[in-house]
Amino acid sequence: MATLLDMAQMFRSLHVPGTPLVLPNAWDGASARVVADAGAAAIATTSAGVAWSLGHGDGDHMTRDQALGAITGITATVDVPVTADIERGYATDSDGVAETVRGVLAAGAVGINLEDTLRSVAEQAERIAAARRAADETGIPLFINARIDTHRLPPGDRKAWLDETLTRARAYATAGADGIFVLGTPDAETVRTLVSCQPLPVNVLAGPGTLPVSELAEAGAARISAGSSITEAAYGLVRRAARELLEQGTTTSLEGGFDYATLNALLLAEPAR
């Protein structure tokens, strides 16, 4: 039976530049089980998907307890490592971030995404350092994926974007981060620059409008995430199917889905652990 330490070490080993960890993000126990059954080596949560599934908007509208409850439900459902998107840490200060990290580990996850929301570099570095200390005190090498939100900068000045992104990446590495997560749809040359000009493994998005996994891998990405895109597609199906049924009285939108018996059997099976 794999321990939390085993899971943490396994998850860390999966971040290989050029041979990336591919994460089709999940938002609840059922989606996590489906993703694991599809062959994913690990499960990443999407905070947006979790929030939406609870009837909230994305952007720190969940409580810490709600987020930790969702993480617990996912880790109980799968037998692969789980990394949790904890948004800004569900805390106003670094001590609160540390408390959240302790809760994440207690919930059975071995990684986190922590957003900087373009707060000052020094403040975010302290929040990352607090997360690092909290995890290290438990003896679990939590993988801290530092999300750099420079996609929020005014568009058009690529040099300013790159300089700010790299400044933050280097500071977060010093603070104890294990990887960086850069949003947007970077081209291959940008990914190569991010990989070569700072010390941490690079996580980028895959989804509509992005490069395929093969090209992102060739550029040196170590981790590729779907983010909220699978959840968006799932709820898009809900909308299409509901409108079709209500307006046309037909159900063609539902073709190609799981059949009841297969999905139910998948969820009845106990994770191997």
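Quick summary incoming for the structure in this document. (Residues numbered from 1 in each chain as written. Predicted model: local features only at pLDDT ≥ 70, side-chain atom pairs only at ≥ 80, totals over all residues. Heavy atoms only, no water.)

## Quick notes on the packing of aromatic side chains
Thought 1: If you walk through the whole model with that rule in mind, you get one aromatic pair.
Thought 2: Where F11 meets F143, the ring centres are 5.8 Å apart and the plane angle is 85°; that geometry is what we call edge-to-face. Highlighted residues: F11 in helix 1 (residues 4-13) and F143 in strand 5 (residues 143-148), separated in sequence by 132 residues.
Thought 3: Residue F143 is classed as buried on the basis of its relative accessible area of 3%. (Phe/Tyr/Trp six-rings, centres within 6.5 Å; stacked < 30°, edge-to-face > 60°. Helix = DSSP H or I, 4+ residues; strand = E, 2+ residues; numbered from the N terminus. Buried < 20%, exposed > 50% of the residue type's maximum accessible area, 1.4 Å probe, protein only.)

## Details of the pattern of salt bridges
Thought 1: Per the counting criterion, the structure on display carries 13 salt bridges.
Thought 2: A salt bridge links R133 to E126; the nearest nitrogen and oxygen atoms lie 2.9 Å apart.
Thought 3: In this structure, the salt-bridge partner of R147 is D149, at a minimum N-O distance of 2.6 Å. There is no split in this pair, since R147 and D149 are both buried.
Thought 4: A cluster of three or more residues bridged by salt bridges with shared partners is formed by R12, R132, D136 and D178. (Salt bridge = Lys/Arg side-chain N within 4 Å of Asp/Glu carboxyl O.)

## Details of the pairing of strand 7 (residues 202-205)
Thought 1: Pairing of strand 6 (residues 179-182) with strand 7, which is carried by two bridges, proceeds in the parallel orientation. Residue pairing for strand 7: F181 is matched across the bridge by N203.
Thought 2: Between the parallel elements strand 6 and strand 7, the chain passes through helix 8 (residues 188-196) in a crossover that is right-handed.
Thought 3: Pairing analysis gives three bridges linking strand 7 to strand 8 (residues 223-225), with the strands arranged parallel. When the sheet's bridge partners are listed, N203 is paired in strand 8 with R223.
Thought 4: Taken together, strand 7, helix 9 (residues 213-218) and strand 8 form a β-α-β motif whose crossover is right-handed. (Pairing = 2+ DSSP bridges. Right-handed = clockwise from strand over helix to strand, strands pointing away.)

## Looking at a nonpolar patch on the surface
Thought 1: Taken together, W52, Y235 and V238 make up a surface patch of nonpolar side chains, about 270 Å² in accessible area.
Thought 2: Summarising the element assignment, Y235 is placed in helix 10 (residues 229-247). (Patch = residues over 30% accessible without salt bridge, like charges linked within 9 Å, V, L, I, M, F, W, Y side chains within 5 Å. Areas by Shrake-Rupley, 256 points an atom, 1.4 Å probe, with all protein chains shown as cover.)

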